[in-house]
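As a plain string of letters, each chain reads:
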Amino acid sequence: MAVSVHTSIWDNILEHTNVAQEKGSDPLLWAVQLSSSLSSAGVSLPSVEVANLLVSHICWGNNVPIAWKFLEKALMIKIVPPMPVLALLSTRVIPSRHSRPTAYRLYLELIKRHAFTLKSLIDGPNYQKDMKFIDSVLHLSLAFGLQASEPGILVVEFIFSMVLMLLDASLDDEGLIELTPEKKSKWANDMEIDSHDDYDEKRTDLHERLQKINTVMAIDLIGQFLQNKATSKILYLARRNMPTHWVVFLQRIQLLGANSSALRNSKVITPEALLHLTSDTRIVLSRKCKSSSLQKFHAVMAFGSLASSAGLCHGASRSALWLPLDLVLEDAMDGSLVSATSAIETITGLIKVLQAINGTTWHDTFLGLWIAALRLVQRERDPIEGPMPRLDTRLCLLLSITTLVVADLIEEEESAPSDETECHPTNHWKEKHVPGKCRKDLVSSLQMLGDYEGLLTPPQSVISAANQAAAKAMMLVSGINVGSAYFEFISMKDMPINCFLVHGTEVRSTQSASHEYLIFLILVHLVSLFAAGNMRHLIVEACIARNLLDTSAYFWPGYVNGRINQIPHSIPPQVLGWSSFMKGAPLSPVMINALVSTPASR
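Residues numbered from 1 in each chain as written. Predicted model: local features only at pLDDT ≥ 70, side-chain atom pairs only at ≥ 80, totals over all residues. Heavy atoms only, no water.

Below, the discussion takes up a nonpolar patch on the surface. A cluster of nonpolar side chains, contributed by L28, V32 and M76, occupies part of the molecular surface with about 250 Å² of accessible area. As for its position among the elements, V32 is in helix α2 (residues 27–40). Residue classification places V32 among the partly exposed positions, given a relative accessible area of 45%. (Patch = residues over 30% accessible without salt bridge, like charges linked within 9 Å, V, L, I, M, F, W, Y side chains within 5 Å. Areas by Shrake-Rupley, 256 points an atom, 1.4 Å probe, with all protein chains shown as cover. Salt bridge = Lys/Arg side-chain N within 4 Å of Asp/Glu carboxyl O. Helix = DSSP H or I, 4+ residues; strand = E, 2+ residues; numbered from the N terminus. Buried < 20%, exposed > 50% of the residue type's maximum accessible area, 1.4 Å probe, protein only.)

The structure is reproduced here in structure tokens:
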């Protein structure tokens, strides 16, 4: 009885669709009415059964524009799930792409629109059911020789199979499939041969031009699968866990890169970029594969072998390994170029690339990043006067941009599993995750950064700030807690030159201040003389401000030189100012004078 009821529902869907098609009804209205009818009939949406029905309706008895619009609207309002629809179309459209180039073009457009929305598939209510349906359509387990039916494994097989089908179709379109060892498509058993008996399109010059455009678009989609953040990680899983199939894939990619005229005509990706995307270095390129920065990057890669990281911390080897980072940091200084991608995102992506290329730990990667940013500052440490001051910009890249890059990398490592996977005997692919490893490597890299004294000398304009940072650490290490309000009064101009001068016992103030405040300034000045702050002190303070470190960094060996035995008793535990006022200190006349005379620090 249940079977007959469902049969009646499907018959009604076909009847409703045929009527709407004949009348030329609005596709959105058709979709809304269909959704209402299915919900009333108790059909759970999105439905793979409806997807199968609509695709079978189009292929090939109703291969007309309005039928494709019906399918598009059904996808839009979630009557049918996108991934099963793509699987169904793959088995029907790809084999008939020569006789029906328009259908192939529409299929490619649907891939472009829906194949990269994997999160909606995985988070969907019918995730397992959809993946089992896709497996039954494409016979993934049989094709890849894996009997596991876990949906996560099927997702990897599905994405990999789509790329393989597009690749084989593109090679076949350009007559290159005969150059493969198999001399046919690996997926040929599942493909039909174009039939000349039921053509609904004429072989015209327009169709031939469309076929060429389709080939270019299919190759562009292959590149997009390799570039997209989600699908590239899935393909990396395929590479690690299906090495035999990956070798075949690489051979065909290389064949395409060496011989494809369509690839050379692509405005999205170059042959060199496509080969780099699948190379052993696992380089993830940006979408603009023909940009000047990437050309510089590849030129650096060709400069020498970067496979070994044995000499990472020694001499010229370090310069060669991190030279691309120097180039990108210098490009970020070029004010004549306006990039659509932020400097933080660009540097973060490059850091991941270089770590993969060099095979380094996060400790070595962070150390390379800090050294490159410090070199950027040192190249302008004695700037020539001019209308465009560049030192402040370089300091911003070191203390702000670079710190945000590190924060992004640590947040990504701590909030999500790593890409590293392991294969268990049951074929369950699971991800390893070592919480806090990235943050620990940041600490060790900053500790080792102290060995690079030549890079840590501060430019003249930030010497006082560096001294103040070191003084703050020394006072805390010495057990002196004077509160943040005191430091609120000390600006880079005030300390130690303009605010007071120390010549033996002479103290001269250039502004009115309390006796306690002057004693405190003298104390900080004396401490700063011994503290000898450097650029590492400023970097650590920037990291503390971003919650990447805490004040335990002040206790690192060699971070401060010596301690203060005692603080003068005349200095009160708190100074009047904005900090104490915000903490609830009464608004007395003395407090009002302090607030008026000193701007708020934030």
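Our next topic: the packing of helix α19 (residues 362–378) against helix α20 (residues 391–415). In the contact formed by α19 and α20, the axes pass within 8 Å of each other and the chain directions differ by 165 degrees. The orientation of α19 with respect to α20, classified from their angle, is roughly antiparallel. The chirality of how α19 crosses α20 is right-handed. Of the residues in α20, those touching α19 at W362, F366, L369, W370, A373, L374, L376 and V377 are L391, R394, L395, L397, L398, T402, T403, V405, V406, L409 and I410. Broken down by class, the residue content of the contact of α19 with α20 amounts to 16 nonpolar, two polar and one charged. (Axes fitted to C-alpha atoms, helices over the stretch in contact; angles between N-to-C directions. Parallel < 35°, antiparallel > 145°, perpendicular 65-115°, else oblique. Left-handed = near helix turned anticlockwise from the far one by under 90°. Contact = heavy atoms within 4.5 Å. Nonpolar A, V, L, I, M, F, W, Y, C, P; charged D, E, K, R; others polar.)

Right, let's talk about the packing of aromatic side chains for a bit. If you walk through the whole model with that rule in mind, you get ten aromatic pairs. With centroids separated by 4.8 Å and ring planes inclined at 45 degrees, the aromatic side chains of F116 and F225 adopt a geometry described as tilted. Taken as a pair, F116 in the loop between α6 (101–114) and α7 (118–122) and F225 in helix α11 (residues 205–227) lie far apart in primary sequence, 109 residues in all. Residues F116 and F225 agree in their burial class; the two are buried. Taking the centre distance of 6.0 Å and the plane angle of 80 degrees together, the rings of W556 and Y559 count as edge-to-face. Overall, W556 belongs to the buried group, its relative accessible area being 10%. Grouped by ring-pair contacts, the aromatic residues F144, F160, W246 and F249 constitute a single cluster. Sitting above the plane of the W60 ring, R100 keeps its charged end 4.5 Å from the centroid. (Phe/Tyr/Trp six-rings, centres within 6.5 Å; stacked < 30°, edge-to-face > 60°. Lys NZ or Arg CZ within 6 Å of the ring centre and 35° of its normal.)

To continue, consider the pattern of salt bridges. For the coordinates displayed, the defined rule picks out twelve salt bridges. Residues D172 and R97 are paired through a salt bridge, measuring 2.8 Å at the closest nitrogen-oxygen approach. You can see D172 sitting in helix α10 (residues 151–173) and its partner R97 sitting in the loop between α5 (82–93) and α6, a full 75 residues away along the chain. Through salt bridges with shared partners, a single network forms among R97, D172 and D173.

Glancing now at the environment of E150. Relative to the assigned elements, E150 resides in the loop between α9 (140–144) and α10. E150 sits in the partly exposed class, given a relative accessible area of 26%. Taking the C-alpha atoms as reference points, E150 and K132, separated by 18 residues in sequence, lie 8.8 Å from one another.

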